[in-house]
Amino acid sequence: MVLSKLKTVFLSVSVSILAASLISFPRESFEASIRGLNMWWEIVFPSLLPFFIISEMLIGFGVVKFIGVLLEPLMRPLFKVPGVGGFVWAMGMASGQPAGAKFSSRLRQEGHLSQIEAERLVSFTNSSNPLFIFSAVAVGFFNNPKIGLLLAAAHYLGNICVGIIMRFYGKETPEESLDDRKKFKIRNALSVLHQTRIKDNRPIGKLLGDAVNSSIQTLLMIGGFIILFSVINKLLYQLHITAILAKTIEWLLSSLSLPDMLSIPFISGLFEITMGSQLISQVQDATLLQKAIVASFILAFSGFSIQAQVASILAQTDIRFKPFFIARILQGIFAAFFALLLWKPLYVRFNRDEQPSNALPVGFFGDGTWANHFYHKMVEVGPLITILSLFVYILILFSRLKKS
(Lines give C-alpha, C1' and ligand atoms only; values in the text may rest on other atoms or scores of the structure.)
Protein backbone atom coordinates (compact mmCIF):
# COMPACT_ATOMS: atom_id res chain seq x y z
CA MET A 1 0.00 0.00 0.00
CA VAL A 2 2.80 2.39 0.93
CA LEU A 3 4.69 1.51 -2.25
CA SER A 4 1.59 2.18 -4.34
CA LYS A 5 1.17 5.61 -2.72
CA LEU A 6 4.82 6.46 -3.34
CA LYS A 7 4.39 5.48 -6.97
CA THR A 8 1.35 7.76 -7.24
CA VAL A 9 3.28 10.67 -5.72
CA PHE A 10 6.28 10.06 -7.99
CA LEU A 11 4.16 9.95 -11.15
CA SER A 12 2.19 13.05 -10.15
CA VAL A 13 5.34 15.05 -9.37
CA SER A 14 7.02 13.92 -12.59
CA VAL A 15 4.08 14.97 -14.76
CA SER A 16 3.84 18.30 -12.89
CA ILE A 17 7.53 19.00 -13.49
CA LEU A 18 7.07 18.10 -17.15
CA ALA A 19 4.13 20.50 -17.48
CA ALA A 20 6.05 23.30 -15.74
CA SER A 21 9.04 22.67 -18.01
CA LEU A 22 6.87 22.97 -21.10
CA ILE A 23 5.77 26.39 -19.89
CA SER A 24 9.30 27.44 -18.93
CA PHE A 25 10.92 26.34 -22.21
CA PRO A 26 8.25 26.89 -24.88
CA ARG A 27 10.63 27.51 -27.80
CA GLU A 28 12.83 24.49 -27.07
CA SER A 29 9.75 22.29 -26.58
CA PHE A 30 8.24 23.49 -29.85
CA GLU A 31 11.45 22.84 -31.80
CA ALA A 32 11.76 19.35 -30.32
CA SER A 33 8.13 18.65 -31.11
CA ILE A 34 8.60 19.75 -34.72
CA ARG A 35 11.67 17.54 -35.01
CA GLY A 36 9.73 14.50 -33.80
CA LEU A 37 6.79 15.32 -36.06
CA ASN A 38 9.04 15.65 -39.12
CA MET A 39 10.62 12.27 -38.40
CA TRP A 40 7.20 10.62 -38.17
CA TRP A 41 5.70 12.60 -41.07
CA GLU A 42 8.52 12.04 -43.56
CA ILE A 43 10.00 8.64 -42.67
CA VAL A 44 8.20 6.55 -40.06
CA PHE A 45 4.61 6.74 -41.33
CA PRO A 46 5.19 6.16 -45.07
CA SER A 47 7.81 3.46 -44.49
CA LEU A 48 5.83 1.41 -41.94
CA LEU A 49 2.30 1.79 -43.35
CA PRO A 50 2.68 -0.63 -46.31
CA PHE A 51 4.17 -3.35 -44.06
CA PHE A 52 1.37 -2.98 -41.51
CA ILE A 53 -1.42 -3.12 -44.12
CA ILE A 54 0.07 -6.05 -46.03
CA SER A 55 0.70 -8.00 -42.82
CA GLU A 56 -2.93 -7.56 -41.73
CA MET A 57 -4.11 -8.89 -45.09
CA LEU A 58 -1.65 -11.80 -45.00
CA ILE A 59 -3.04 -12.78 -41.60
CA GLY A 60 -6.62 -12.50 -42.86
CA PHE A 61 -5.98 -14.58 -45.99
CA GLY A 62 -4.23 -17.32 -44.00
CA VAL A 63 -0.79 -16.84 -45.59
CA VAL A 64 0.81 -16.31 -42.19
CA LYS A 65 -0.63 -19.59 -40.91
CA PHE A 66 0.64 -21.28 -44.10
CA ILE A 67 4.16 -19.92 -43.49
CA GLY A 68 3.89 -20.94 -39.85
CA VAL A 69 3.22 -24.58 -40.71
CA LEU A 70 6.23 -24.65 -43.04
CA LEU A 71 8.59 -22.96 -40.56
CA GLU A 72 7.46 -24.93 -37.50
CA PRO A 73 10.40 -27.41 -37.66
CA LEU A 74 12.85 -24.46 -37.67
CA MET A 75 11.34 -21.97 -35.22
CA ARG A 76 10.17 -24.50 -32.61
CA PRO A 77 13.54 -26.15 -31.79
CA LEU A 78 15.53 -22.93 -32.16
CA PHE A 79 13.35 -20.36 -30.35
CA LYS A 80 10.47 -22.46 -28.93
CA VAL A 81 7.86 -20.43 -30.81
CA PRO A 82 5.44 -21.58 -33.53
CA GLY A 83 6.39 -21.30 -37.16
CA VAL A 84 4.37 -18.07 -37.54
CA GLY A 85 7.20 -16.49 -35.55
CA GLY A 86 9.30 -16.70 -38.71
CA PHE A 87 6.89 -14.32 -40.42
CA VAL A 88 7.01 -11.88 -37.50
CA TRP A 89 10.81 -12.06 -37.39
CA ALA A 90 11.16 -11.34 -41.11
CA MET A 91 8.59 -8.53 -41.16
CA GLY A 92 10.00 -6.97 -38.00
CA MET A 93 13.49 -6.94 -39.47
CA ALA A 94 12.34 -5.54 -42.81
CA SER A 95 10.04 -2.79 -41.53
CA GLY A 96 11.81 -1.93 -38.26
CA GLN A 97 10.57 -1.16 -34.77
CA PRO A 98 7.94 -1.53 -33.34
CA ALA A 99 6.60 -3.81 -36.07
CA GLY A 100 7.57 -6.99 -34.23
CA ALA A 101 5.37 -6.02 -31.28
CA LYS A 102 2.51 -5.10 -33.61
CA PHE A 103 2.57 -8.44 -35.43
CA SER A 104 3.13 -10.49 -32.26
CA SER A 105 0.15 -8.82 -30.59
CA ARG A 106 -1.98 -9.39 -33.67
CA LEU A 107 -1.12 -13.10 -33.77
CA ARG A 108 -1.78 -13.39 -30.04
CA GLN A 109 -5.22 -11.84 -30.53
CA GLU A 110 -5.86 -14.33 -33.34
CA GLY A 111 -4.91 -17.20 -31.04
CA HIS A 112 -1.87 -18.33 -33.05
CA LEU A 113 0.43 -17.82 -30.04
CA SER A 114 0.18 -18.59 -26.34
CA GLN A 115 1.07 -15.87 -23.84
CA ILE A 116 4.55 -17.29 -23.16
CA GLU A 117 5.22 -17.84 -26.86
CA ALA A 118 4.19 -14.28 -27.65
CA GLU A 119 6.48 -12.92 -24.91
CA ARG A 120 9.36 -14.98 -26.28
CA LEU A 121 8.65 -13.84 -29.82
CA VAL A 122 8.29 -10.13 -29.12
CA SER A 123 11.60 -10.12 -27.24
CA PHE A 124 13.72 -10.75 -30.37
CA THR A 125 11.60 -9.61 -33.32
CA ASN A 126 11.89 -5.86 -32.70
CA SER A 127 14.93 -4.52 -34.50
CA SER A 128 16.05 -1.55 -36.55
CA ASN A 129 15.59 -2.09 -40.27
CA PRO A 130 18.68 -2.27 -42.52
CA LEU A 131 17.76 0.99 -44.28
CA PHE A 132 17.95 2.92 -41.00
CA ILE A 133 21.27 1.34 -39.99
CA PHE A 134 23.02 1.66 -43.36
CA SER A 135 21.55 4.91 -44.66
CA ALA A 136 20.56 7.03 -41.66
CA VAL A 137 23.18 5.97 -39.10
CA ALA A 138 26.19 4.89 -41.17
CA VAL A 139 25.89 7.35 -44.07
CA GLY A 140 23.83 10.16 -42.54
CA PHE A 141 25.38 10.39 -39.05
CA PHE A 142 28.81 8.74 -39.20
CA ASN A 143 29.40 9.78 -42.83
CA ASN A 144 31.03 6.38 -43.19
CA PRO A 145 29.05 3.73 -45.12
CA LYS A 146 31.69 1.12 -44.25
CA ILE A 147 30.62 1.10 -40.60
CA GLY A 148 27.08 0.05 -41.55
CA LEU A 149 28.00 -3.60 -42.05
CA LEU A 150 29.55 -3.79 -38.57
CA LEU A 151 26.55 -2.14 -36.88
CA ALA A 152 24.06 -4.34 -38.75
CA ALA A 153 25.93 -7.58 -38.04
CA ALA A 154 26.24 -6.76 -34.33
CA HIS A 155 22.57 -5.74 -34.18
CA TYR A 156 21.08 -8.84 -35.81
CA LEU A 157 23.46 -11.31 -34.17
CA GLY A 158 22.45 -9.79 -30.84
CA ASN A 159 18.81 -10.40 -31.81
CA ILE A 160 19.47 -14.06 -32.53
CA CYS A 161 21.30 -14.54 -29.23
CA VAL A 162 18.39 -12.99 -27.32
CA GLY A 163 15.96 -15.28 -29.12
CA ILE A 164 17.99 -18.36 -28.18
CA ILE A 165 18.22 -17.26 -24.54
CA MET A 166 14.50 -16.45 -24.35
CA ARG A 167 13.64 -19.99 -25.46
CA PHE A 168 14.32 -20.94 -21.83
CA TYR A 169 11.84 -18.33 -20.58
CA GLY A 170 8.56 -19.59 -19.15
CA LYS A 171 7.24 -23.07 -18.56
CA GLU A 172 7.52 -25.54 -21.37
CA THR A 173 4.40 -26.76 -23.12
CA PRO A 174 4.35 -30.37 -24.33
CA GLU A 175 4.98 -30.47 -28.06
CA GLU A 176 4.24 -33.40 -30.31
CA SER A 177 7.28 -33.83 -32.55
CA LEU A 178 5.40 -36.27 -34.78
CA ASP A 179 2.69 -33.68 -35.38
CA ASP A 180 5.36 -31.12 -36.28
CA ARG A 181 6.79 -33.44 -38.91
CA LYS A 182 3.33 -33.98 -40.33
CA LYS A 183 2.63 -30.27 -40.42
CA PHE A 184 5.71 -29.72 -42.54
CA LYS A 185 3.99 -31.32 -45.52
CA ILE A 186 2.96 -28.86 -48.22
CA ARG A 187 -0.47 -30.49 -48.46
CA ASN A 188 -1.18 -29.82 -44.78
CA ALA A 189 0.11 -26.27 -45.09
CA LEU A 190 -2.21 -25.60 -48.04
CA SER A 191 -5.10 -27.10 -46.09
CA VAL A 192 -4.43 -24.79 -43.16
CA LEU A 193 -4.21 -21.84 -45.59
CA HIS A 194 -7.64 -22.63 -47.03
CA GLN A 195 -9.31 -23.31 -43.67
CA THR A 196 -7.99 -20.04 -42.22
CA ARG A 197 -9.35 -18.04 -45.15
CA ILE A 198 -12.74 -19.74 -44.85
CA LYS A 199 -12.99 -18.99 -41.13
CA ASP A 200 -12.27 -15.31 -41.76
CA ASN A 201 -15.29 -14.72 -43.99
CA ARG A 202 -14.82 -10.96 -44.37
CA PRO A 203 -15.09 -9.63 -47.95
CA ILE A 204 -11.89 -8.29 -49.50
CA GLY A 205 -13.14 -4.71 -49.22
CA LYS A 206 -13.93 -5.12 -45.52
CA LEU A 207 -10.58 -6.83 -44.90
CA LEU A 208 -8.69 -4.05 -46.65
CA GLY A 209 -10.60 -1.37 -44.76
CA ASP A 210 -9.88 -3.06 -41.43
CA ALA A 211 -6.20 -3.34 -42.34
CA VAL A 212 -5.93 0.36 -43.21
CA ASN A 213 -7.89 1.39 -40.14
CA SER A 214 -5.83 -0.72 -37.71
CA SER A 215 -2.50 0.24 -39.28
CA ILE A 216 -3.13 3.99 -39.25
CA GLN A 217 -4.40 3.91 -35.66
CA THR A 218 -1.17 2.19 -34.61
CA LEU A 219 0.96 4.69 -36.55
CA LEU A 220 -0.87 7.65 -35.02
CA MET A 221 -0.06 6.25 -31.59
CA ILE A 222 3.58 5.76 -32.63
CA GLY A 223 3.74 9.37 -33.85
CA GLY A 224 2.49 10.64 -30.51
CA PHE A 225 5.20 8.76 -28.64
CA ILE A 226 7.93 9.98 -31.01
CA ILE A 227 6.91 13.61 -30.48
CA LEU A 228 6.49 13.18 -26.71
CA PHE A 229 9.90 11.61 -26.13
CA SER A 230 11.59 14.09 -28.44
CA VAL A 231 10.26 16.85 -26.18
CA ILE A 232 11.12 14.96 -22.96
CA ASN A 233 14.67 14.40 -24.18
CA LYS A 234 15.09 18.10 -24.87
CA LEU A 235 13.58 19.17 -21.54
CA LEU A 236 15.84 16.82 -19.59
CA TYR A 237 18.78 18.51 -21.26
CA GLN A 238 17.44 22.00 -20.49
CA LEU A 239 16.83 21.06 -16.84
CA HIS A 240 20.42 19.74 -16.59
CA ILE A 241 19.08 16.34 -15.56
CA THR A 242 20.96 14.78 -18.46
CA ALA A 243 24.21 16.28 -17.12
CA ILE A 244 23.50 14.90 -13.63
CA LEU A 245 22.80 11.43 -14.99
CA ALA A 246 25.93 11.70 -17.11
CA LYS A 247 28.09 11.69 -13.98
CA THR A 248 26.93 8.16 -13.16
CA ILE A 249 27.33 7.04 -16.76
CA GLU A 250 30.86 8.48 -16.86
CA TRP A 251 31.92 6.10 -14.10
CA LEU A 252 30.41 3.15 -16.00
CA LEU A 253 32.08 4.15 -19.27
CA SER A 254 35.43 4.70 -17.56
CA SER A 255 35.29 1.19 -16.09
CA LEU A 256 34.82 -0.09 -19.65
CA SER A 257 37.72 2.04 -20.99
CA LEU A 258 35.35 4.29 -22.93
CA PRO A 259 35.72 8.10 -22.99
CA ASP A 260 33.58 10.25 -20.67
CA MET A 261 32.45 12.40 -23.61
CA LEU A 262 30.13 9.61 -24.70
CA SER A 263 28.05 9.87 -21.52
CA ILE A 264 25.58 12.57 -22.65
CA PRO A 265 25.05 11.00 -26.13
CA PHE A 266 24.56 7.66 -24.39
CA ILE A 267 21.83 9.07 -22.14
CA SER A 268 20.15 10.78 -25.09
CA GLY A 269 20.22 7.46 -26.92
CA LEU A 270 18.56 5.72 -23.99
CA PHE A 271 15.54 7.93 -24.64
CA GLU A 272 15.62 8.22 -28.44
CA ILE A 273 17.97 6.23 -30.69
CA THR A 274 18.05 8.68 -33.61
CA MET A 275 19.24 11.62 -31.53
CA GLY A 276 21.59 9.38 -29.54
CA SER A 277 23.19 7.91 -32.67
CA GLN A 278 23.68 11.36 -34.15
CA LEU A 279 25.32 12.73 -30.97
CA ILE A 280 27.57 9.66 -30.66
CA SER A 281 28.84 10.15 -34.22
CA GLN A 282 29.77 13.77 -33.42
CA VAL A 283 32.01 13.00 -30.40
CA GLN A 284 35.58 13.98 -31.29
CA ASP A 285 37.46 12.47 -28.34
CA ALA A 286 36.48 8.87 -29.08
CA THR A 287 37.79 6.38 -31.60
CA LEU A 288 35.49 4.97 -34.26
CA LEU A 289 35.52 1.59 -32.49
CA GLN A 290 34.42 3.16 -29.21
CA LYS A 291 31.62 5.04 -30.93
CA ALA A 292 30.53 1.88 -32.76
CA ILE A 293 30.33 -0.06 -29.49
CA VAL A 294 28.14 2.57 -27.80
CA ALA A 295 25.99 3.06 -30.92
CA SER A 296 25.43 -0.71 -31.14
CA PHE A 297 24.17 -0.78 -27.56
CA ILE A 298 21.84 2.17 -28.22
CA LEU A 299 20.40 0.63 -31.40
CA ALA A 300 19.76 -2.67 -29.61
CA PHE A 301 18.32 -1.11 -26.46
CA SER A 302 15.84 0.73 -28.76
CA GLY A 303 15.33 3.73 -26.47
CA PHE A 304 12.50 4.46 -24.06
CA SER A 305 10.55 6.08 -26.89
CA ILE A 306 10.23 2.83 -28.85
CA GLN A 307 9.81 0.82 -25.66
CA ALA A 308 6.86 3.02 -24.72
CA GLN A 309 5.37 2.38 -28.16
CA VAL A 310 5.81 -1.37 -27.65
CA ALA A 311 4.30 -1.18 -24.15
CA SER A 312 1.24 0.58 -25.56
CA ILE A 313 0.81 -2.09 -28.25
CA LEU A 314 1.30 -4.97 -25.82
CA ALA A 315 -1.21 -3.44 -23.39
CA GLN A 316 -3.97 -4.44 -25.83
CA THR A 317 -3.18 -8.10 -25.07
CA ASP A 318 -2.02 -10.17 -22.08
CA ILE A 319 1.62 -10.01 -23.25
CA ARG A 320 3.78 -8.67 -20.42
CA PHE A 321 6.29 -5.88 -21.01
CA LYS A 322 8.93 -6.97 -18.46
CA PRO A 323 10.44 -9.81 -20.57
CA PHE A 324 10.72 -7.40 -23.51
CA PHE A 325 12.56 -4.81 -21.39
CA ILE A 326 15.00 -7.40 -20.02
CA ALA A 327 15.59 -8.65 -23.57
CA ARG A 328 16.49 -5.11 -24.69
CA ILE A 329 19.22 -4.89 -22.05
CA LEU A 330 20.53 -8.32 -23.05
CA GLN A 331 20.54 -7.41 -26.74
CA GLY A 332 22.35 -4.16 -25.99
CA ILE A 333 25.11 -6.08 -24.20
CA PHE A 334 25.32 -8.67 -26.98
CA ALA A 335 25.39 -6.02 -29.72
CA ALA A 336 28.16 -4.06 -28.01
CA PHE A 337 30.16 -7.27 -27.55
CA PHE A 338 29.73 -8.28 -31.21
CA ALA A 339 30.75 -4.78 -32.36
CA LEU A 340 34.04 -5.24 -30.47
CA LEU A 341 34.46 -8.86 -31.58
CA LEU A 342 33.76 -8.18 -35.27
CA TRP A 343 35.72 -4.92 -35.50
CA LYS A 344 38.79 -6.46 -37.14
CA PRO A 345 37.14 -9.07 -39.40
CA LEU A 346 34.29 -6.87 -40.64
CA TYR A 347 35.75 -3.36 -40.61
CA VAL A 348 39.55 -3.32 -40.44
CA ARG A 349 39.99 -6.27 -42.79
CA PHE A 350 37.51 -4.95 -45.36
CA ASN A 351 39.11 -1.51 -45.38
CA ARG A 352 42.70 -2.37 -46.14
CA ASP A 353 44.25 -1.03 -49.30
CA GLU A 354 44.26 -4.56 -50.74
CA GLN A 355 40.77 -5.88 -50.19
CA PRO A 356 40.26 -9.64 -49.86
CA SER A 357 38.35 -11.38 -52.61
CA ASN A 358 35.34 -11.98 -50.36
CA ALA A 359 35.02 -8.35 -49.22
CA LEU A 360 31.63 -6.71 -49.67
CA PRO A 361 31.65 -3.70 -52.02
CA VAL A 362 31.27 -0.61 -49.86
CA GLY A 363 29.58 1.23 -52.70
CA PHE A 364 26.57 -1.03 -52.22
CA PHE A 365 25.74 0.90 -49.04
CA GLY A 366 27.29 4.26 -49.85
CA ASP A 367 26.21 7.47 -51.57
CA GLY A 368 24.27 7.08 -54.79
CA THR A 369 23.11 3.54 -53.96
CA TRP A 370 19.55 2.25 -53.76
CA ALA A 371 19.47 2.52 -49.96
CA ASN A 372 20.61 6.13 -49.87
CA HIS A 373 18.42 7.02 -52.86
CA PHE A 374 15.38 5.39 -51.24
CA TYR A 375 15.98 7.25 -47.98
CA HIS A 376 16.11 10.67 -49.67
CA LYS A 377 13.20 9.83 -51.96
CA MET A 378 11.15 8.89 -48.90
CA VAL A 379 11.90 12.31 -47.40
CA GLU A 380 10.54 13.92 -50.60
CA VAL A 381 7.38 11.87 -51.14
CA GLY A 382 6.79 10.72 -47.55
CA PRO A 383 4.57 13.67 -46.52
CA LEU A 384 2.37 13.15 -49.60
CA ILE A 385 1.92 9.46 -48.74
CA THR A 386 1.06 10.42 -45.16
CA ILE A 387 -1.56 12.98 -46.25
CA LEU A 388 -3.25 10.60 -48.70
CA SER A 389 -3.26 7.77 -46.15
CA LEU A 390 -4.81 9.95 -43.44
CA PHE A 391 -7.43 11.12 -45.95
CA VAL A 392 -8.35 7.49 -46.76
CA TYR A 393 -8.47 6.73 -43.02
CA ILE A 394 -10.89 9.62 -42.43
CA LEU A 395 -13.14 8.40 -45.27
CA ILE A 396 -13.23 4.84 -43.88
CA LEU A 397 -13.89 6.10 -40.36
CA PHE A 398 -16.64 8.44 -41.54
CA SER A 399 -18.37 5.74 -43.61
CA ARG A 400 -18.37 3.30 -40.68
CA LEU A 401 -19.69 5.92 -38.26
CA LYS A 402 -22.43 6.75 -40.76
CA LYS A 403 -23.47 3.07 -41.02
CA SER A 404 -23.51 2.61 -37.25
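Computed from a prediction, not measured in an experiment: that's the story for all the values here.

Draft legend 1. Geometry of the nonpolar core. Grouped together as the largest cluster of nonpolar side chains are 95 residues, with contacts concentrated most on Ile 147, Leu 219, Ile 222 and Ile 298. Per element, the largest residue contribution to this core is 11 residues, and it comes from helix H11 (residues 204–238). Ignoring sequence-local partners within four residues, the contact set of Ile 298 consists of Phe 266, Gly 269, Leu 270, Ile 273, Ser 277, Ile 280 and Gly 303.

Draft legend 2. Examining the packing of aromatic side chains more closely. Scanning all chains against the criterion turns up 16 aromatic pairs. When the centroid spacing of 6.5 Å and the interplanar angle of 50° are considered together, the rings of Trp 40 and Trp 41 count as tilted. With relative accessibility at 6%, the residue Trp 40 sits in the buried group. Geometrically, the ring pair formed by Trp 343 and Tyr 347 is stacked, given 4.6 Å between the ring centres and 20° between the ring planes. With a gap of four residues between them, Trp 343 and Tyr 347 both fall in helix H18 (residues 343–348), about one helical turn apart. Tyr 347 gets classed as buried once you look at its relative accessible area, which sits at 12%. Members of the aromatic cluster, connected to one another through ring pairs, are Phe 266, Phe 271, Phe 297, Phe 301, Phe 304, Phe 321, Phe 324 and Phe 325.

Draft legend 3. A look at the environment of Ser 302. Structurally, the position occupied by Ser 302 is in the loop between helix H15 (288–301) and helix H16 (303–314). On the basis of relative accessible area, Ser 302 is assigned to the buried category, the value being 2%. Residues Ser 302 and Gly 332, 30 residues apart in the sequence, show an inter-C-alpha distance of 8.6 Å. The contacts of Ser 302, once residues within four sequence positions are left out, are Gln 97, Ile 273 and Arg 328. Of the polar contacts made by the side chain of Ser 302, one reaches the backbone oxygen of Ala 300; its length is 3.3 Å.

Draft legend 4. Quick look at the side chain of Asn 144. Considering the arrangement of structural elements, one finds Asn 144 in the loop between helix H7 (130–141) and helix H8 (147–166). Classification of Asn 144 by relative accessible area gives buried; the value is 13%. Setting aside residues up to four positions removed in sequence, Asn 144 forms contacts with Ala 138, Val 139, Leu 288 and Tyr 347.

Draft legend 5. Up close: the pattern of salt bridges. In the structure shown here, the tally under the stated rule is 11 salt bridges. When the shortest N-O distance is used, the salt bridge between Glu 117 and Arg 76 registers 3.0 Å. Of this pair, Glu 117 sits in helix H6 (residues 115–124) while Arg 76 sits in helix H3 (residues 63–79), and the two are 41 residues apart along the sequence. In this pair, the class of Glu 117 matches that of Arg 76, namely buried. Notably, a salt bridge pairs Asp 210 with Arg 400, separated by 2.5 Å at the nearest N-O pair. Here Asp 210, found in helix H11, pairs with Arg 400, found in helix H19 (residues 370–403); they are 190 residues apart in sequence, far enough to count as distant. A relative accessible area of 16% places Asp 210 in the buried class. In this structure, a network of salt bridges that share partners links the residues Glu 56, Lys 102, Arg 106 and Glu 110.

Draft legend 6. Up close: helix H17 (residues 322–341). Spanning 20 residues, H17 covers 29 Å between terminal C-alpha atoms, matching the ideal 28 Å at 1.5 Å per step. Every buried residue of H17 is accounted for by Pro 323, Phe 324, Ala 327, Arg 328, Gln 331, Gly 332, Ala 335, Ala 336, Phe 338 and Ala 339. Where the residues of H17 are buried, they touch H6, H8, H15, H16 and H18.

Draft legend 7. Just the packing of helix H2 (residues 26–61) against helix H4 (residues 84–95), in detail. Two elements in contact, H2 and H4, have axes whose closest approach is 10 Å; the angle formed by their N-to-C orientations is 165°. With respect to H4, the axis of H2 lies roughly antiparallel. At the point where H2 passes H4, the crossing takes the right-handed sense. Of H4, the residues touching H2 (which contributes Leu 48, Phe 51, Ser 55 and Leu 58) are Phe 87, Met 91, Ala 94 and Ser 95. Tallied by class, residues from the contact of H2 with H4 come to six nonpolar, two polar and no charged.

Cut-offs applied
Here the residue numbers are simple positions, counted from 1 along each chain's written sequence. The predicted origin of the model limits local features to residues at a pLDDT of at least 70 and limits the giving and counting of side-chain atom pairs to 80 or more, whereas totals for whole chains, interfaces and linings rest on all residues. Working from all heavy atoms in the structure, the side-chain values ignore hydrogens and water. Joining through side-chain atoms within 4.5 Å is the link that ties buried Ala, Val, Leu, Ile, Met, Phe, Trp, Tyr and Cys residues into a set, and such a set is a nonpolar core. The buried label goes to any residue with under 20% of its type's maximum accessible area, the exposed label to any with over 50%, and the partly exposed label to all in between, with areas taken from a 1.4 Å probe on protein chains only. Labels follow the DSSP assignment, with helices taken as runs of H or I lasting at least four residues and strands as runs of E lasting at least two, numbered in each case from the N terminus. What makes two residues a contact is simply this: any of their non-hydrogen atoms within 4.5 Å. Only the six-membered ring of Trp is used, alongside the rings of Phe and Tyr, when aromatic pairs are assigned; centres must lie within 6.5 Å, and planes under 30 degrees apart are stacked while those over 60 apart are edge-to-face, with the rest tilted. Any pair of nitrogen or oxygen atoms within 3.5 Å is treated as a polar contact; in protein, a donor-acceptor pairing is required on top of that, and neighbouring residues in sequence qualify only through side-chain atoms on both sides. Any Lys or Arg side-chain nitrogen located within 4 Å of an Asp or Glu carboxyl oxygen qualifies as a salt bridge. In this analysis, the expected span of each helix is defined as 1.5 Å times one less than the number of residues it contains. Interaxial angle, 0 to 180 degrees, is taken between N-to-C directions of lines fitted to C-alpha atoms, where a helix line uses only the stretch in contact. Here the angle decides the label: under 35 degrees means roughly parallel, over 145 means roughly antiparallel, 65 to 115 means roughly perpendicular, and every other value means oblique. With the far helix as reference, a near helix turned anticlockwise by less than a right angle produces a left-handed crossing, and one turned clockwise produces a right-handed crossing. When residues are grouped by polarity, Ala, Val, Leu, Ile, Met, Phe, Trp, Tyr, Cys and Pro land in nonpolar, Asp, Glu, Lys and Arg in charged, and all others, Gly among them, in polar.

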